[in-house]
Each structure stands twice: as C-alpha cells, then as structure tokens.
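Here are the chains, one letter per residue:
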Amino acid sequence: MLKKDNSNPTKQCHFCVNNIKDIDYKDVESIKPFTDSHARIMKHRRTATCTRHQRKLTLAIKRARFMSLLPFISG
Ligand SMILES: [Zn+2]
C-alpha cells in the first residue's frame, strides 16, 4: 500500500536541479533554508533532497555550526 505524502511530491532535489556537486559550508545562504526555525537539519523527505546530497548537506551544516556560521540548537 502506498503512503500518502503531502509534502511536494513532484519536488526535486535542489542540488541536483542546480547541478551542485559539492555543498560549501561557507555558503550559509544556500544551506540555511535546509534548517528549520530551531536550527535543526530538515529531513530529506521535507526538502526533497536526495540521499547523496542530504549527506553532504548534513556535513556542511555541521561544519558551518562548528565554524559559528550557523547556530546550534538552542534551548
Ligand atoms: Zn541531489
């Protein structure tokens, strides 16, 4: 049985569509939209990011946090 998913079923991976192979952690403007209001990394199911890019994205966000470019989860 198929599960119904309400979150943009036709949406494609942002990084595949834009032909971005490597995600730069210094490019905060690009990776910030993939964090939620609590600065958490969004699940790939919500952003339609493919597994390959999701891994790179997670790494980039973690690096950006470490370099204080992105906030850590607060509270
Ligand atoms: Zn992708």
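Placed above this text is the structure.
The paragraphs below set out a description of the structure included in this document. As the structure is a prediction and not an experimental result, all values here were calculated from the model. (Residues numbered from 1 in each chain as written. Predicted model: local features only at pLDDT ≥ 70, side-chain atom pairs only at ≥ 80, totals over all residues. Heavy atoms only, no water.)

1. With respect to the pattern of salt bridges
The final tally for this structure, using the stated rule, is three salt bridges. Close ionic contact of K26 with D24 constitutes a salt bridge, the shortest N to O distance being 3.5 Å. For D24, a relative accessible area of 35% translates into the label partly exposed. Residue R40 is joined to D36 by a salt bridge in which the shortest nitrogen-to-oxygen separation is 3.3 Å. The partly exposed category is assigned to R40, whose relative accessible area is 39%. (Salt bridge = Lys/Arg side-chain N within 4 Å of Asp/Glu carboxyl O. Buried < 20%, exposed > 50% of the residue type's maximum accessible area, 1.4 Å probe, protein only.)

2. Some remarks on the coordination of the zinc ion
In the first shell of the zinc ion, the protein supplies C13 (SG), C16 (SG), C50 (SG) and H53 (ND1), at 2.0 to 2.3 Å from the metal. One way to put it: the four donor atoms around the zinc ion meet at angles of 102 to 113°, and that makes the site tetrahedral. All donors of the zinc ion belong to a single chain; written as a sequence motif, their spacing is C-x2-C-x33-C-x2-H. One end of the pair, C13, is in the segment before helix 1 (14-17); the other, C50, is in the loop between helix 3 (44-47) and helix 4 (51-66), and 37 residues separate them in sequence. What makes C13 buried here is its relative accessible area of 7%. According to the relative accessible area criterion, C50 is partly exposed, its value standing at 24%. (Donors = N, O, S within 2.8 Å, 3.2 Å for Na, K, Ca; no water. Tetrahedral: all angles 85-135°; square planar, octahedral: opposite > 155°, others 65-115°. Helix = DSSP H or I, 4+ residues; strand = E, 2+ residues; numbered from the N terminus.)

3. Description of a nonpolar patch on the surface
A contiguous nonpolar patch, built from F66, M67 and L69 and spanning about 330 Å² of accessible area, is present on the exposed surface. Inspection of the secondary structure assignment puts F66 in helix 4. The class of F66 is exposed, set by a relative accessible area of 67%. (Patch = residues over 30% accessible without salt bridge, like charges linked within 9 Å, V, L, I, M, F, W, Y side chains within 5 Å. Areas by Shrake-Rupley, 256 points an atom, 1.4 Å probe, with all protein chains shown as cover.)

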